[in-house]
Amino acid sequence: MQFPFFAALLASILHVLAGPDHLAAVTPFAIESKRKAWKVGLYWGLGHLAGMICIGILFYFFREIIPIEKISEFSEQLVGFVLIVIGIVSVYKIFYKKKNHKHLHLHTQDPMIHGHEHQHLPGGDHHHVHKKEQKQSNLTSFWIGVLHGLAGIAHFILFLPVLAFENQVDAIEYLLGFAIGILVAMVAYAFVLGRVSMLTKTDHNDLFFNGIRLAGGLFAIIIGLYWIFYAG
């Protein structure tokens, strides 16, 4: 790999981590997901790339027909509203008392005893709810990533170097580095949040754990409000 790859890698990592709206969208889900938090970051990164590819294709082939800037502006406003909803739901979960209870489980692949929430059904049956919630978090993160990819003209600026390369190999390396950088940055961020969340929950420090959840929810709400009223 040559300079275009590493330049794009660094640029995309900075692009992800320097965007508070990116981090705010993933934070509540990563905190709730704990051990599987890295998947939340991965799905957001894939969605972000998909959104950027879609807006890039629209701009390249239909820039004279489709109002790309209007689509981008609408996506920016929608991102703000989505962040607010994510934050409100995250804060609500802290104070909402589920009609669930916990059982202790021993995982053979990871020798640690911890609690899982169960939801009781009529007739005395019960089932786990955390797997379903994890899938929902992953899908939600993906579509939020798509919205982020569609929002903002800054993505075009990041792709401009591709037009300046003299050969196709450099252009491909730049695009590859950009894609890998986005995935690595958000997966790493979500992974760290998940580990912190998991440790606080494992130590039965519910006050600190709920404090992290509250901070993540408020972070999403504040960034959402800013995105709607000031950044849009």
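Just above sits the structure.
Computed from a prediction, not measured in an experiment: that's the story for all the values here.

Just checking my understanding: could you explain the overall build of the protein for this structure?
Helix and strand counts for the protein stand at 8 helices and 3 strands. In sequence order, the protein lays out its α and β elements as α-α-α-α-β-β-β-α-α-α-α. Residue burial in the protein is summarised as follows: out of 232 residues, 39% are buried. In the form shown here, the protein has an accessible surface area of approximately 13600 Å², with 70% of it arising from carbon and sulfur atoms.

Any chance you could explain the pattern of salt bridges here in plain terms?
Under the criterion given, the structure shown has 1 salt bridge. Note that R213 and E32 form a salt bridge whose closest N and O atoms lie 2.6 Å from each other. Pair noted here: R213 is in helix α8 (residues 206–231) and E32 is in helix α2 (residues 20–33), with a separation of 181 residues, a long-range link. Since its relative accessible area comes to 26%, E32 is described here as partly exposed.

Please clarify how the nonpolar core should be interpreted in this entry.
Burial of nonpolar side chains together is a common tendency in soluble globular proteins. The biggest cluster of nonpolar side chains holds 29 residues, and the ones touching the most others in it are V26, W44 and I182. Listing elements by their share of this core, those giving two or more residues are α1 (3–17), α2, α3 (37–62), α4 (68–95), α5 (130–150), α7 (168–202) and α8. At 7 residues, α7 tops the list of elements feeding residues into this core.

So, how was this worked out
- Residues numbered from 1 in each chain as written.
- Predicted model: local features only at pLDDT ≥ 70, side-chain atom pairs only at ≥ 80, totals over all residues.
- Heavy atoms only, no water.
- Helix = DSSP H or I, 4+ residues; strand = E, 2+ residues; numbered from the N terminus.
- Buried < 20%, exposed > 50% of the residue type's maximum accessible area, 1.4 Å probe, protein only.
- Areas by Shrake-Rupley, 256 points an atom, 1.4 Å probe, with all protein chains shown as cover.
- Salt bridge = Lys/Arg side-chain N within 4 Å of Asp/Glu carboxyl O.
- Core = buried A, V, L, I, M, F, W, Y, C linked by side-chain atoms within 4.5 Å.

The values reported here are purely geometric and, on their own, carry no functional implication.
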